[in-house]
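Below are the chains, spelled out letter by letter.
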Amino acid sequence: MPVIGANQRLIRLMPSILAADFLRLGEQAREVAEAGADGLHIDVMDGLFVPNISIGTPVVAALRRAVDLPLDCHLMIVDPERYLEAFVTAGATHITVHVEACRHLHRTIQQIHDLGVTAGVALNPATSLTAIEDILPDLDLVLMMSVDPGFSGQTYIPHSTAKIARLRRILDERGLQHIELQVDGGISAANVADVVGAGATSIVAGTGVFNSLPIAETIQALRWAIQRHNS
């Protein structure tokens, strides 16, 4: 369940399965659910938009059978509108697309909503916030990448924190506090408090959850770090 973060905001924890042991994916997904995670973040890569290939709809469908958690599908693929319906049919409850990968972003967001799920837009670290200012009212979530997308286990880019804070000010000033501000990339118990303090409300962590410690312990460590910052 969500944890209370800075400014009394509810913070959702969304473990990224990209860092999971795929030999035990169903088992680890259930461990995440039992540990109180708020959903699963599913990184979909096509080898074109990012230099890696990950998973597709069969894995999403398998996860839907394994757990009763929200499935947050992050499509790092070109022309994502081709596959929206397939991911929703497989069990996605939310779909995020990249502003850099969409030819007609407003139309793609409308397609996602028409399929009955929530919609988000992701920005790479070098993409300006101005790229999404006009579409903000149509969104349920903005995903701020704090690493260049494509691989798990990267180091958090330090200037991401200031960019998160700028987006938080924009959302608050425009009365769009209902939009989730999600951050993905290099987040662990060591830096999650700074990310939440800057205004994030949804935390994606891969290696920070699926590491050598039991999953329940890593998720609890993230929660404690957020709560300590808020106390």
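Please refer to the structure placed before this passage.
Residues numbered from 1 in each chain as written. Predicted model: local features only at pLDDT ≥ 70, side-chain atom pairs only at ≥ 80, totals over all residues. Heavy atoms only, no water.

Draft legend 1. Highlighting the pattern of salt bridges. According to the stated counting rule, one finds six salt bridges in the structure shown. Glu27 is the partner of Arg24 in a salt bridge, and the nearest nitrogen-oxygen pair spans 2.7 Å. Glu27 sits in the partly exposed class, given a relative accessible area of 39%. For the salt bridge of Arg168 with Asp172, the shortest nitrogen-to-oxygen distance reads 3.0 Å. Pair noted here: Arg168 and Asp172 are both in helix H5 (residues 160-173), with a separation of four residues, about one helical turn. (Salt bridge = Lys/Arg side-chain N within 4 Å of Asp/Glu carboxyl O. Buried < 20%, exposed > 50% of the residue type's maximum accessible area, 1.4 Å probe, protein only. Helix = DSSP H or I, 4+ residues; strand = E, 2+ residues; numbered from the N terminus.)

Draft legend 2. Seen up close, unusual backbone geometry. Of note in this structure, Asp79 is not a glycine but carries a positive phi near 45°. Here Asp79 shows up in the loop between strand E4 (71-76) and helix H3 (84-90). Judged by relative accessible area, which is 16%, Asp79 ranks as buried.

Draft legend 3. Structural view of the packing of helix H1 (residues 25-34) against helix H2 (residues 57-66). Running from amino to carboxyl end, H1 crosses H2 at an angle of 50°, the nearest separation of the two axes being 9 Å. For the element pair H1 / H2, the angle class is oblique. Here H1 and H2 pass one another in a crossing that is right-handed. Counting all contacts with H1, which are made through Leu25, Gly26, Ala29 and Arg30, the residues of H2 involved are Val59, Leu63 and Ala66. Of the residues in the contact of H1 with H2, the class split is five nonpolar, one polar and one charged. (Axes fitted to C-alpha atoms, helices over the stretch in contact; angles between N-to-C directions. Parallel < 35°, antiparallel > 145°, perpendicular 65-115°, else oblique. Left-handed = near helix turned anticlockwise from the far one by under 90°. Contact = heavy atoms within 4.5 Å. Nonpolar A, V, L, I, M, F, W, Y, C, P; charged D, E, K, R; others polar.)

Draft legend 4. Up close: the side chain of Asp38. Tracing the chain through its elements places Asp38 in the loop between H1 and strand E3 (40-45). No salt bridge is formed by the buried Asp38; the nearest opposite charge belongs to Arg223, separated by 4.5 Å. Separated by 2.7 Å, the side chain of Asp38 and the backbone nitrogen of Leu13 make a polar contact. (Lys, Arg positive; Asp, Glu negative; His and termini not counted. Polar contact = N/O pair within 3.5 Å; in protein donor to acceptor, adjacent residues only side chain to side chain.)

Draft legend 5. Spotlight on the layout of surface pockets. By volume, the largest pocket amounts to about 280 Å³. Around the largest pocket sit 24 residues that line it, and Ser152, Gly153, Asp184, Gly185 and Gly186 are the ones nearest its centre. Where the lining of the largest pocket is concerned, the elements lending two or more residues are E3, E4 and strand E9 (202-205). (1 Å grid on protein atoms, 1.4 Å probe; cavity = no way out; pocket = protein on both sides within 12 Å on 5 of 7 lines; lining within 4 Å. Points joined across faces, edges and corners; volume = space filled by probe spheres on them.)

Draft legend 6. Representation of the nonpolar core. Judged by nonpolar contacts, the single largest core of 68 residues is most densely connected at Leu40, Ile42, Ile95, Ile109, Ile164 and Ile203. Those residues in contact with Ile95 that sit more than four places away from it in its chain are Cys73, Leu75, Leu84, Phe87, Val88, Ile112, Thr118, Ala119 and Gly120. (Core = buried A, V, L, I, M, F, W, Y, C linked by side-chain atoms within 4.5 Å.)

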